[in-house]
Amino acid sequence: MSADTFRLQKVLETFRSSLNENKEVYVKYYIAGWQELVTFMNSLGNVFSFISKDVVSKIQILENFLSGESGSHYVTIQSMVKYELENDLVDLTKRGSHPESGCRTLLRLHRALHWLELFLERLRTSTEDSKTSVMCSDAYNESLAQHHPWLIRKAVGVAFCALPGRDTFFEVLNAGDHAQVVALLGESLPLIAEVYQITEDLYAKNNLLELP
Ligand code: 1Q0
């Protein structure tokens, strides 16, 4: 199997590696998890490219920080938040001199991670007649949609209609038969939920949940 083949297992592994024993989240593995998801999205077809392009550009912004001269401050989400806030590197109320801070960039991925969690939970508990497009859009309306303007919500709605059906979806997850995928989802979801919750609490504590 080639290295760029998507496997659900890889997503699980990267999100698992992203948490250390102090419950800090490594930016490197967090974005690696997203990179995996981009690979997956690309395999679904061109309709999703406007979504994956946005994710790729956000991954790139964070990678640049990580490999830049202040890289040591960007090792964990916790250290990034501390560093950017202490050094006034975040536009807190309106976009100004720091439109692409690590904090606001990661917040976009963080919100999307909530969508992923809700969607995968629906997929895990779905039945044969469940529709992926409905699961996706229900999860979207409960999470990300609140942060997107009308035009993007429309475009996302169109993309959802192009999603493959449940059987194909299970297949492209590339983790064995249905029962195995369901088991793996059951294993991955608590991890994704934990990474999400840790980030959410950190952002809430620092009043960063509405960054422009
Ligand atoms: C599989 C189908 C994918 C469905 C994706 C659902 C969410 C769609 C949201 C897309 C919006 C993209 C357009 C750009 C929006 C930006 O304006 C917005 C805000 O950024 P900014 O800089 O303008 O303030 N960006 C975002 O909100 C980030 C959106 C990221 C969306 C990430 C979707 C990730 C999907 C991954 C594929 C997962 C497939 C599930 C199976 C995986 C198994 C583990």
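Residues numbered from 1 in each chain as written. Predicted model: local features only at pLDDT ≥ 70, side-chain atom pairs only at ≥ 80, totals over all residues. Heavy atoms only, no water.

Novice: What is the right way to read the site of the ligand from this model?
Specialist: Within the structure, the ligand sits among 26 residues, and D54, K58, R104, R108 and H148 are positioned closest to it. Here R104 contributes a side-chain N or O atom positioned 2.8 Å from an oxygen atom of the ligand. Side-chain polar atom of R108 to an oxygen atom of the ligand: 3.1 Å apart, as the coordinates give it. When the ligand sits alone it has 950 Å² of accessible area, and the protein chains cover 90% of it. Considering every element that reaches the shell around the ligand, the biggest residue donor is helix α5 (residues 102-124), with seven residues. Looking at the shell around the ligand residue by residue, the class counts come to 21 nonpolar, one polar and four charged. (Near = heavy atom within 4 Å. Polar contact = N/O pair within 3.5 Å; in protein donor to acceptor, adjacent residues only side chain to side chain. Areas by Shrake-Rupley, 256 points an atom, 1.4 Å probe, with all protein chains shown as cover. Helix = DSSP H or I, 4+ residues; strand = E, 2+ residues; numbered from the N terminus. Nonpolar A, V, L, I, M, F, W, Y, C, P; charged D, E, K, R; others polar.)

Novice: Help me out: how do you make sense of the UniProt feature "domain: Glycolipid transfer protein" (unreviewed entry) in the protein in this one?
Specialist: According to UniProt, the feature "domain: Glycolipid transfer protein" (unreviewed entry) maps to residues 26-174 in the numbering used here. For residues 26-174, the end-to-end C-alpha separation is 26 Å, with 66% helix and 0% strand making up the annotated structure. (UniProt positions renumbered as here; feature names shortened; annotations may be inferred.)

Novice: Would you mind going over the packing of aromatic side chains with me for this structure?
Specialist: The way to describe two aromatic rings as a pair is by their centre distance and the angle between their planes. Summed over the entire model, instances satisfying the criterion amount to eight aromatic pairs. Ring centres 5.7 Å apart and planes at 75° place the aromatic pair Y140 and F160 in the edge-to-face group. Placement of the pair is Y140 in helix α6 (residues 132-142) and F160 in helix α7 (residues 150-161), with a sequence separation of 20 residues. Each member of the pair, Y140 together with F160, is buried. (Phe/Tyr/Trp six-rings, centres within 6.5 Å; stacked < 30°, edge-to-face > 60°. Buried < 20%, exposed > 50% of the residue type's maximum accessible area, 1.4 Å probe, protein only.)

Novice: Any chance you could explain the environment of G176 here in plain terms?
Specialist: One can find G176 in the loop between α8 (166-172) and α9 (178-205). The exposure class assigned to G176 is partly exposed, which follows from its relative accessible area of 49%. Residues G176 and P99, spaced 77 residues apart in sequence, show a C-alpha to C-alpha distance of 43 Å.

Novice: How do you make sense of the pattern of salt bridges when you look at a structure like this?
Specialist: Where charged atoms of side chains with opposite charge meet at close range, the side chains can pair. Per the counting criterion, the structure on display carries seven salt bridges. A salt bridge links E86 to K82, with the nearest nitrogen and oxygen atoms 3.4 Å apart. In this pair, E86 and K82 both sit in helix α4 (residues 77-86), four residues apart, roughly one turn of the helix. A single burial state applies to E86 and to K82, both of which are exposed. In this structure, E142 and R122 form a salt bridge, with 2.7 Å as the shortest nitrogen-oxygen distance. (Salt bridge = Lys/Arg side-chain N within 4 Å of Asp/Glu carboxyl O.)

Novice: Teacher, can you tell me more about the packing of α6 against α7 here?
Specialist: Helix-helix packing is described using two parameters, namely the angle between the two axes and the distance between the axes. Put simply, α6 and α7 touch, their axes get as near as 9 Å, and they point 160° apart. Judged by the angle between their axes, α6 and α7 are roughly antiparallel. For the element pair α6 and α7, the recorded crossing hand is right-handed. Seen from α6, the contacting residues are S133, C136, S137 and Y140; seen from α7, they are I152, R153, V156 and F160. Its residues assigned to classes, the contact of α6 with α7 shows five nonpolar, two polar and one charged. (Axes fitted to C-alpha atoms, helices over the stretch in contact; angles between N-to-C directions. Parallel < 35°, antiparallel > 145°, perpendicular 65-115°, else oblique. Left-handed = near helix turned anticlockwise from the far one by under 90°. Contact = heavy atoms within 4.5 Å.)

Novice: So what exactly am I meant to see when it comes to unusual backbone geometry here?
Specialist: Outside of glycine, negative phi angles account for most residues, and trans bonds account for most peptide bonds. For K23, which is not a glycine, the phi torsion comes out positive at approximately 60°. Looking at the secondary structure, you find K23 in the loop between α1 (8-17) and α2 (27-43). Residue classification places K23 among the partly exposed residues on the basis of a relative accessible area of 43%. One non-glycine residue, N174, lies in the positive phi region at around 60°. Among the structural elements, N174 can be located in the loop between α8 and α9.

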